[in-house]
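Structural features, examined
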Number of protein chains: 2
Amino acid sequence: MQKIELYDTTLRDGAQTEGISYSVQDKARIARKLDELGIHFIEAGWPANPKDREVFKIFKSRPLKQAGLVAFGATRRSDKKVNLDSSIRSILAADTRVVTIFGKTWDLHIRDVLGISLDENLRMIEDSVSYLAAKGKTVIYDCEHFFDGHKSNPEYAVKTALVAQGAGASRIVFCDTNGGTVTSALLRIIHQAAPKLKVTLGIHAHNDLGLAVANSIFAVENGITHVQGTFNGYGERCGNADLSTIIGILKAKLNIDCIAYRKLKDLTKASHFVSEVSNLRQQPNQPFVGSSAFVHKGGVHIDAMLKNPKTYEHIDPALVGNHRRLLVSELSGKMPIILKAKEFELDLEKKSPQTEKILKLLQDLEHKGYQFEAADASFEILIKRTMKQYKKFFDLESFRVVVEKKPDGRITSEAIIKIKVKGIQEHTAADGDGPVNALDNALRKALKSFYPTLAKMHLSDFKVRVLDEKAGTASKVRVLIQSQDESDSWGTVGVSENIIEASWQALVDSAEYKLLKDKVK
Amino acid sequence: MQKIELYDTTLRDGAQTEGISYSVQDKARIARKLDELGIHFIEAGWPANPKDREVFKIFKSRPLKQAGLVAFGATRRSDKKVNLDSSIRSILAADTRVVTIFGKTWDLHIRDVLGISLDENLRMIEDSVSYLAAKGKTVIYDCEHFFDGHKSNPEYAVKTALVAQGAGASRIVFCDTNGGTVTSALLRIIHQAAPKLKVTLGIHAHNDLGLAVANSIFAVENGITHVQGTFNGYGERCGNADLSTIIGILKAKLNIDCIAYRKLKDLTKASHFVSEVSNLRQQPNQPFVGSSAFVHKGGVHIDAMLKNPKTYEHIDPALVGNHRRLLVSELSGKMPIILKAKEFELDLEKKSPQTEKILKLLQDLEHKGYQFEAADASFEILIKRTMKQYKKFFDLESFRVVVEKKPDGRITSEAIIKIKVKGIQEHTAADGDGPVNALDNALRKALKSFYPTLAKMHLSDFKVRVLDEKAGTASKVRVLIQSQDESDSWGTVGVSENIIEASWQALVDSAEYKLLKDKVK
C-alpha cells in the first residue's frame, strides 16, 4: 500500500479547543516536536491573523527540518478580485511552499450563509486555486462540509472538487466539518466520489460521533492517502481525529507506512509534550499513549499477564514508547506487591512473613479508604517502614491550623507547627492560600535548614475524594497529592474524617519520599 | 431494523477504571438512573465479591423498574464440579433472573493461562451454561477474546459459541477483550461467524484503538442486536464502548430503536450523573453529552449558526438534552436561564436588564469555577437574590476554624462563629469531626433558636473537586453539598482557594434555601 501522508492541524483546528490559547512560542515548539516525529505537513495557522504571521516569521529564520510548513486560508471573497483579496494576499505573504485553502461544498452554506449562486462559488474556487498554483505553491484544497454537501447535492459537491483539481490543486481533502457522518455513510460517499478524481485524496474528520479515528482509518483502507488530524484529538466541540491514535493504528496494527519505524517509540512522548504545552491534562485512557493505556488492575488479569503479556495487551507498549503498569489494590493479590517491591530494589518472598504482613496492612488500609493506585510513593514508604529500612526524618509534636473569616470578609489561613528534627525542636508558623497550603508552607519552613533538598520539590497536583458521601460534612476524605522535582514525579495519599489530617499524611509521605530518593541521612 | 438491546457494565467493567472506587450506594444510585433511562440490562457486579453481594441484596428489597438486573461471573473452574463451584454458586445466590458468564475462546489463553485442554474448556462452558439454564436463568454468554481467538483458531472460537448456544445460552456476545481489533477485521470475523449461530448476538468492544464505538455501530449495521458498553466509556486501560455515544448515534443519527424517544433528552443528564457519582470529571469534548459538544467559538461559525444552526451542528443539541453555547456572544445561555427561572416560577424577560444582570453574574461565576448543574438550590438563591426577592436571614460577622493535632496524636476541630440575626448578635462555638463539620454545627447552633425548622434538615452528601489541579495545595476547590429534609433534597455549591470558605458558601446557600422553601419570615 502507498505511504500515507500525515497532515497536522493542531495549531489551527486544535487551537479552537475550549481552554487552549497558544502563544507564538508554543506554536513553534509544537511544530518542531511534530517535525522531529516525522509528520509530513504542519499547518501553523491563518496568516490573515497577526499572531499567526509571527509564527511564519519564526520559521523563515529557522525552517523545519523535514515537514512542509502550511499556511491556511479561505478562497477569495465573492466581491473581491483574487489578487486583491486580503486572505489570499496574506497566504502569499507567509511565504510557505505549501498552502491550504478551503472552499464551500454544501449548497445550504452557499445559499444561506454566503448568499451567492452556486456558479459564483465555483468561480471563487477556480480563481483562488489557480492564482496560488501559478505563484508556484503546492495547493491543498479542503472541501469544507464535503459529506453534508454530498448528501444534499452530490453532483455539485463533486463539481467543486473537480474545479479545484482542474485549477491545479495537488490534493483534494474531503472534510466532515460538522463531524456528524456515520462511517458507513462516509464510505458510500467516498466510493461514489473518489473514482471521479485523479489527484491525491485526503480525509479531515471531526469527532462529534466519536468516529473520527474510525472514519480516517476506513478512508485509508479505501484508498485515501492523505490524513488530516490533530495531536490528542484537540479541536472545537468534540475535537478532530487524533493523529497519535491514527499513527498507532497505521504503524503498529496495520503495518501501513507513515512515520519512520524508529520514530514510533517517540509517539507517547510527543503526545505528552503537546498536552503539556497546551496546558491540558493528558487523558489517562487515551489509546496507545495514555498513562492507563497499558494498566492492569484485577488479580486474574495480572496473573495471566505474568504468564504471557499478549493475553491482555494488544501490542507491546514499548513499541509506542509507553509502559505497562500493574496497579496495587486489594483485588490484585500478592504478585503486584512483590513486583512493585522489586522496582524499589526490595526483595520480598511470596511466602515470607513480611510479605504477609505488608499484604495484611495494605488490605486494612484499603478498607479504611486508602488507595495506592495513584500513590506509588506512599506505597514505597509503607513497604520500607514495615521492613524498617529507614529511620524517621522528623517527629511531629503538634500542629494547629486556623482559618479566619474577618468582619471585612477577608479570609486568612495560618498553620503553626512543632516538630523535632535530629533532636532539635522547631516551632514555626506560616500563612497560606488555604489551610492545606498553610500547613505545607509551615512544614517546609520547619524542615528547610535541616534538609535543603526539599526546596527543590513542589506539589503539582492535589485531589480530594469524599468517601461515603452520605455522612455529609463528617465524611471521610481521601487526599491524593502529586509532587515533583527536576527529574521525577510521585504520588502520596492520606485518609481521615479530617481533611487537614488527611492532607498532613500525604504531605509527610511526600517529603519523606523525596529525602529517601535523594539518599539524605 | 430490529430493536437493539443495550447492556450496561459500568458497575463491573467501568469499576475497573483507574480512580473509580464505587461504594454499594454509588452502584445502587447509578443502576436506578440507568433503569430510568431505559437501559435493558444492568450488570451490577460479581456476586463472588462480598461488596457486590450487598448490591444485589439492595435490589431484592427494592427492584429495578424495567431493566434486567444481571449477576456476572466465570464458567466453572476446571477442577470443580459445576454445582460445587463457588463462582457459579455465588451467581445463583444473587438471585437475579438474568446472569452473564464468560468463558475462554482464545486457544492461547486456554493453554498458557488455564493450562488445560481445548476440550476441557468446552466442557466447562457446556456445564456452566446448562446448569444455570436448568435453574431457570436467562443466560448471556460472553465469548472473552472472541476476535483474538478467531484470528488464532477460527473453528475453535466458533465452537465455543456453538457449545454455549447448545447448552441454552439466550445470547452469545463477541468480546474484543484486548480492544486491539481494527473495524475492518472485526467485520470480516462477524461475517464469518454470525451465520453459524442462531441466537441473539452481541458485541462488547474495548477502546484501545479508539474504535470501540465504531466497532459497536458497525456490528449493529451488520446484524448484531445486543450491545454492551459503559457510561462515559469507563473501563480499564482505554475504556469500553461509550453507551452514551452509542445511544446518540443509534437514536439521533440512524433512527434505530433502543431507548424510548422521550427518554433521549435525558441522555446528557444521565451521563453527567454517572460522572458525578464516579467522581471523575466529565470530558468536555465527549460526543453528544460533553459541555463543549455544541460550543461555537469562531465568529464566522457563530454568524453562520445564527443564519441556520444546521450549518455547524450535526443535530439539534436539545434532542439529547444538551445545549448550544456561543462563547463570544452575549446571547449564549440566555434561554437556559429563562427556562430555569420558569421552574422557580420567576418570569424573566429575554431583554430585561435583570436577565442581563443574572446572565453576566452567572458567566462570571462559571468562569470562576462555579457549576450549577448539581446545585439547583444555589442557582435559585442566586436568581432570587439578584431580583431582591427576599431579605437576608442573617449576616455573618466572622468565623474562626481551628484544627489541632495534639502531642498525643488526637485531632480536634472547633469552629467559632459570630452572626447577626434579626438585630441580635449570636456568638457561639462547636466541635466537629473535621473543620467543615465543626462549621456546619456552629452555624446551626447559632441559628436554631431563631429558625427551628433548620433542625429538620441535614446534609446528605459532600463532594470536593479540585479545579486547576496544577496549582497544588493552593488550587481552587469546588464544594458541592447535598441537603435534605423529609420531603426534598437540594444541592448547593461554593468555590474558593480555601476549602473552608467554599464549604461555608455552600452551607449558607443550603440553610437559606431551606428557609425560603418553608416560607420562613
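Residues numbered from 1 in each chain as written. Chains lettered and ligands numbered in written order. Predicted model: local features only at pLDDT ≥ 70, side-chain atom pairs only at ≥ 80, totals over all residues. Heavy atoms only, no water.

We now examine the pairing of strand β15 (residues 477-484) of chain B. Each regular strand carries side chains that alternate between the two faces of the sheet. Residues and elements named next belong to chain B. Within β15, six of the eight residues are buried, leaving the element largely enclosed by the surrounding structure. Sheet topology note: the β15/strand β16 (residues 489-496) ladder contains eight bridges and is antiparallel. Looking at β16, one finds that glutamine 484 is bridged to serine 489. Counting the residues in the hairpin turn of β15 and β16 gives four residues. (Buried < 20%, exposed > 50% of the residue type's maximum accessible area, 1.4 Å probe, protein only. Helix = DSSP H or I, 4+ residues; strand = E, 2+ residues; numbered from the N terminus. Pairing = 2+ DSSP bridges.)

Residue and element names in this part refer to chain B. Of note, isoleucine 381 is situated in helix α15 (residues 376-386). Classification of isoleucine 381 as buried rests on a relative accessible area of 0%. Along the backbone, isoleucine 381 and lysine 456 are 75 residues apart, and their C-alpha atoms lie at a distance of 20 Å. Here isoleucine 381 is in contact with Tyr390, Asp509, Glu512, Tyr513 and Leu516, once residues within four sequence places are set aside. (Contact = heavy atoms within 4.5 Å.)

The six strands are arranged β13(A)-β12(A)-β11(A)-β11(B)-β12(B)-β13(B) in an open sheet whose pairing can be described as antiparallel. Each end of this open sheet is capped by a strand with a single partner; those strands are β13 (424-432) of chain A together with β13 (424-432) of chain B. Strand-to-strand twist in this sheet, taken as the mean axis angle between neighbours without regard to direction, amounts to 10°. Sheet topology note: the strand β11 (residues 395-405) of chain A/strand β12 (residues 411-421) of chain A ladder contains 10 bridges and is antiparallel. Counterpart to phenylalanine 399 of chain A in the pairing with β12 of chain A is isoleucine 417 of chain A. Strands β11, β12 and β13 of chain A of the sheet are contacted by helix α16 (residues 435-447) of chain A, whose axis makes an angle of about 145° with β13 of chain A. On the sheet, helix α17 (residues 499-517) of chain B packs against β11 and β12 of chain A together with β11 (395-405) and β12 (411-421) of chain B and is oriented at approximately 135° with respect to β11 of chain B. (Axes fitted to C-alpha atoms, helices over the stretch in contact; angles between N-to-C directions.)

What follows deals with the packing of aromatic side chains. Residues and elements named next belong to chain A. This model, assessed by the stated rule, comprises 23 aromatic pairs over all chains. Ring centres 6.1 Å apart and planes at 85° place the aromatic pair tryptophan 46 and phenylalanine 102 in the edge-to-face group. Here phenylalanine 102 lies in strand β4 (residues 98-104) and tryptophan 46 lies in the loop between β2 (41-45) and α2 (50-61), a separation of 56 residues in the sequence. Ring centres 5.6 Å apart and planes at 10° place the aromatic pair phenylalanine 72 and phenylalanine 102 in the stacked group. Of this pair, phenylalanine 72 sits in strand β3 (residues 68-74) while phenylalanine 102 sits in strand β4, and the two are 30 residues apart along the sequence. Per residue, the accessibility class of phenylalanine 72 equals that of phenylalanine 102, and both read buried. Grouping aromatic residues by their ring pairs yields a cluster made of Trp46, Phe72 and Phe102. Above the face of the phenylalanine 72 ring, arginine 12 is positioned so that its terminal group lies 3.5 Å from the ring centre. (Phe/Tyr/Trp six-rings, centres within 6.5 Å; stacked < 30°, edge-to-face > 60°. Lys NZ or Arg CZ within 6 Å of the ring centre and 35° of its normal.)

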